[in-house]
Amino acid sequence: MTRTGVRGLPRQAALLVAVLAVLAGTAACTTAGGAGEPAATGRAAGVPAGLREAARATEAARSARVESATTIGSVISLSAEGVLGWAGDVTGTLTLTCTGGTMADALRRLGSTTMQARYLPDAYYARMGDAFAARTGGRHWVRYAYDDLDSLAGGSGAQLGDQMRDSTPDRSLKLLLASGDVRRVGAERVRGRRTTHYSGTIEAGDSGVTGQTVDVWIDGRDLLVKKVERGRTASGELIQTAYYADYGAEVDARRPPASDTRDFAELVGAGKGGGA
């Protein structure tokens, strides 16, 4: 790509970092913890049996349709909808819409407040708008390779990559089980379905979220139907509500055409004066 193809990328690269942080939390699942299985605690043996069954059944389902709404202080209000799979690596496609907050202005400068995100085993892809593509040789998709995130923002990118790869509905339940600080609230209806409501807290770990509470609603098939997560971040209060349905749905996560894709690391390098 010529120099004109990356004109304005110092600012664009900074905005892409912000977009990365947004996308890291859009899989509609808990943000606490890190890679691997949650560590068990001495309190875990006392959690309700129904929650244990729900964790097993939700993990075994391997995919679901997700609908979520996330707010982080005055920074962003975001909705996400699509199908995610967790038969091994996280895969799936979500449509993300930024509905408010200062991030909406940043996304408008990138060309769109609505984008599609595709999660594949090695990376996730975000489709930007035409205004962004005009600065990248006409290419709309940005590829964020998980291996490339290690060098982002002093290593914090590795944490974001771990969160994206671990963000599945069963993960929320496993984190509650590991915390041991969870109780049965009672029977409630969610969108016309009979469910059992559980509420608990999760230790912050290295996620940057403190005072984190998670409420989950489990249906008669032991599947997670709804999750509400609250906590405090450096950017303000985090509130995320997610609904899950159509467990076992077919997952569509096709890799975008290489001819319409740029690597995030390449774009950042171009923005710093490197070649493209």
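Residues numbered from 1 in each chain as written. Predicted model: local features only at pLDDT ≥ 70, side-chain atom pairs only at ≥ 80, totals over all residues. Heavy atoms only, no water.

A. Fine view of helix α3 (residues 102-109). Along α3, the positions that sit buried rather than exposed are Met103, Ala104, Ala106 and Leu107. For α3, the angular spread of buried residues about the axis comes to 160°, placing them on one side. (Buried < 20%, exposed > 50% of the residue type's maximum accessible area, 1.4 Å probe, protein only. Helix = DSSP H or I, 4+ residues; strand = E, 2+ residues; numbered from the N terminus. Arc of directions from axis to C-beta.)

B. Structural context of the side chain of Glu229. Turning to its location among the elements, Glu229 is positioned in strand β10 (residues 224-233). Looking at Glu229, its side chain comes within polar contact range of the side chain of Gln212, at 2.5 Å. (Polar contact = N/O pair within 3.5 Å; in protein donor to acceptor, adjacent residues only side chain to side chain.)

C. Region of the structure containing the packing of helix α2 (residues 49-61) against helix α6 (residues 169-179). Two elements in contact, α2 and α6, have axes separated by 8 Å at closest approach and are oriented at 155°. On the basis of their axis angle, the class for α2 and α6 is roughly antiparallel. Pair α2 / α6 crosses with left-handed handedness. From α2, Leu51, Arg52, Ala54, Ala55, Thr58 and Glu59 reach across to α6, where they touch Pro169, Asp170, Leu173, Lys174, Leu176 and Leu177. A class-by-class count of the residues in the contact of α2 with α6 yields seven nonpolar, one polar and four charged. (Axes fitted to C-alpha atoms, helices over the stretch in contact; angles between N-to-C directions. Parallel < 35°, antiparallel > 145°, perpendicular 65-115°, else oblique. Left-handed = near helix turned anticlockwise from the far one by under 90°. Contact = heavy atoms within 4.5 Å. Nonpolar A, V, L, I, M, F, W, Y, C, P; charged D, E, K, R; others polar.)

D. Just the packing of aromatic side chains, in detail. Under the criterion given, the structure shown has four aromatic pairs. Centroid distance Tyr119 to Tyr124: 5.7 Å. Interplanar angle 25°. Geometry classified as stacked. The burial state of Tyr119 is the same as that of Tyr124; both residues are buried. When the centroid spacing of 4.6 Å and the interplanar angle of 15° are considered together, the rings of Tyr124 and Tyr144 count as stacked. Here Tyr144 lies in strand β6 (residues 141-145) and Tyr124 lies in strand β5 (residues 123-127), a separation of 20 residues in the sequence. There is no split in this pair, since Tyr124 and Tyr144 are both buried. Ring pairs connect the aromatic residues Tyr119, Tyr124, Tyr144 and Phe264, which therefore count as one cluster. (Phe/Tyr/Trp six-rings, centres within 6.5 Å; stacked < 30°, edge-to-face > 60°.)

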